[in-house]
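# Observations on chain architecture
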Amino acid sequence: MHLLVQSIIVGVLTGGVYALMATGQTLIFGVMRVINVAQGAMVILAAYLSSSLFSSFGIDPFLSILITAPILFVLGFTIHATFLRRLRPEQNELSLLIMFAVALGIEGVLGLAYSTTYRSIQTGYVNRSFTVAGYHVALVRLLAFGLSAVILVGLFLLLNRSRFGRSVRATVQNPTSARLLGVEPTRVAAIGFGLGAATAAAAGAVYGLVYPFNGGSHYDLISRLLSIVMLGGLGSLGGSVIAALVMGVAESVVAANVSPIWSSFTFFAVLLAVLVFRPRGLFGVAQRGAL
Amino acid sequence: MGALLSLDGVVAGYNQGLVLKGVNLSVDASEVTCLIGPNGAGKSTVLKTVSGLLKPISGTVCFDSEDITSLSTHERLRRGIVHVPQDRSLFPAMTVWDNVLMGAHIVRDHAAIRSRLATVVEMFPIVERRRQAHAGSLSGGEQKIVEIARTMMLDPKLILLDEPSIGLDPRSRRLVFDTIRELTKAGRTVLLVEQNARSGLAVAQHGAILEGGVVKLEGTGLSLLDDPLVAQLYLGAVAPTTSVASRATGVLPSPNSISALKEPQ
Ligand SMILES: Nc1ncnc2c1ncn2[C@@H]1O[C@H](COP(=O)(O)OP(=O)(O)OP(=O)(O)O)[C@@H](O)[C@H]1O
Ligand SMILES: [Mg+2]
């Protein structure tokens, strides 16, 4: 029983970080109908950036997000402006290939700039932990969870309470109508893409603190993220957060109580089960594309 | 009073070919002008060239004595032209209130937004009554009213309405047409496209018939309603005064024969 609760705690904390990554991807899918298979690569890129900022300048990974987030925002904005904006609606499938090429490009650049050996960000506090009611909580994971929660709430408020957020949701729900009201859909899409990429900056810093990584780590990451956003019902922010928590817990419980070998398989087992019984993910049509 | 909007020799189309082949049309201020014509005639396309969704290949669109042919949708909104398209245009997963606020997307003046909201709520009580409802949960008729209400957030001069009564029950349809009348009383100008030609012409001071990519016939709403040929060709079924001659022969005059009777001025 103790082991189960302990693994659920770890799962929830990990799920929070997954939620952050999946949210960026959901946002990008919402504004562009693009499945961003480069989201994992962007997270790893950000992990390297935070790692370098720490080793070269001693900047704390959490603080480094203030530098890496604008960089990734510009990267996302540029990818949109250079490749995606030109696509006509009927060429939308091409976007998958483009984003795959972007992922490979990032992986290649990371391979050139850094060696392929695994690294991790070793701050003074990475191994610190404390005990609550007999349960063990790692400090970085708790901080990571807290950061994710803060960013998610901020994103939610931005989308639901601000003028820009309204125009994003409007573009997602009815692009022509949004245009008729003076929204510039390509601009909204570019900014949405940039924001989605910027969340990868935060996720990357946290990822680098918790897991060892190298340039190829994004394959593993993206397969998890795709399972999560499918489970959440593509395009639903709330859905992707809940799906991320479900997957995080499932993975952790299996790893601790069955075997770590089966933990990544858990993702696909849960996904398959959901797709068989609820083919549109947890949050069916009503939520799809509504953001 | 001069024309608020005038189209002069507008030629426009899509990849597949030309749809408008030289449309001349003028819309007078504070009036309802109703454009009718068969399916596929290009009525919606005319509205798109006015709101800027589609750029004409040639010809000019003038609004308020200014050539707006090359202006963007956004710039035309600023000049007071709003377009309510034929398909449902509310954002279904947003609340009614947020939908209405979206109508003022380009307006930065908060005081203006507040005072227009007050006007909209007064003119369209449904906006207040269902403010927290998701727009997608309203009936088709309610959605249409909210779409029209939303245009008022821009304090528009010209409202383009594309088949607002389509798919509505008689009561909602009446409500929509009453609303259109209200709009002109409040000094707005309306360019209305209506499949429901009889009701459309009845609220209109001015009517025009689009066919084959050109305006075939223009006149006052009443004169078109009373025209026996128009009645037979475009209003369907029984006209107020049915042409005895064509009934006797059982042959409908071809649409082209209209132009022999009346040329647009
Ligand atoms: N986006 C588009 N792309 C290509 N062709 C189009 C497009 N929109 C309309 N058309 C074509 O242009 C022609 C005129 O269409 P339009 O929608 O203007 O007609 P309409 O008079 O409004 O018809 P309806 O009464 O059915 O609404 C049609 O042949 C239609 O197939
Ligand atoms: Mg039409």
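Below is a summary of the structure that appears in this document. What you see is a predicted model; the values in this text were computed from it and never measured.

Right, let's talk about the site of ligand 1 for a bit. Residue and element names in this part refer to chain B. The local shell around ligand 1 holds 15 residues, among which Gly40, Gly42, Lys43, Ser44 and Thr45 are the closest. At 3.2 Å, a backbone N or O of Ala41 approaches an oxygen atom of ligand 1. Between an oxygen atom of ligand 1 and a side-chain N or O atom of Thr45, the distance comes to 2.5 Å. Computed on the free molecule, ligand 1 has an accessible area of 640 Å², of which 63% lies beneath the protein chains in the complex. Ranked by residue count, the leading element in the shell around ligand 1 is helix α1 (residues 43–51), at four residues. Broken down by class, the residue content of the shell around ligand 1 amounts to four nonpolar, eight polar and three charged.

Residue and element names in this part refer to chain B. The four strands lie next to each other as β2-β1-β4-β5, forming an open sheet whose pairing is antiparallel. Every interior strand has two partners, whereas the edge strands, β2 (17–28) and β5 (66–67), have only one. In this structure, strand β1 (residues 3–14) lies alongside strand β4 (residues 58–63), joined through five bridges in antiparallel fashion. Residue pairing across strands places Leu5 opposite Phe63, the latter belonging to β4. Packing of α1 onto the sheet brings it into contact with β1, β2 and β4, and relative to β1 it is tilted by some 115°.

The next subject is the pairing of strand β9 (residues 206–211) of chain B. Residue and element names in this part refer to chain B. Extensive coverage of β9 is indicated by the burial of six of its six residues. With burial as the criterion, each face of β9 is covered, one bearing His206, Ala208 and Leu210 and the other bearing Gly207, Ile209 and Glu211. Sheet analysis places strand β3 (residues 32–36) next to β9, joined by four bridges and oriented parallel. Pairing of Leu35 across the sheet is with Ala208, part of β9. As defined by bridge partners, β9 adjoins strand β10 (residues 214–220) across six bridges and the pair is classed as antiparallel.

Calculation notes
Residues numbered from 1 in each chain as written. Chains lettered and ligands numbered in written order. Predicted model: local features only at pLDDT ≥ 70, side-chain atom pairs only at ≥ 80, totals over all residues. Heavy atoms only, no water. Near = heavy atom within 4 Å. Polar contact = N/O pair within 3.5 Å; in protein donor to acceptor, adjacent residues only side chain to side chain. Areas by Shrake-Rupley, 256 points an atom, 1.4 Å probe, with all protein chains shown as cover. Helix = DSSP H or I, 4+ residues; strand = E, 2+ residues; numbered from the N terminus. Nonpolar A, V, L, I, M, F, W, Y, C, P; charged D, E, K, R; others polar. Pairing = 2+ DSSP bridges. Contact = heavy atoms within 4.5 Å. Axes fitted to C-alpha atoms, helices over the stretch in contact; angles between N-to-C directions. Buried < 20%, exposed > 50% of the residue type's maximum accessible area, 1.4 Å probe, protein only.

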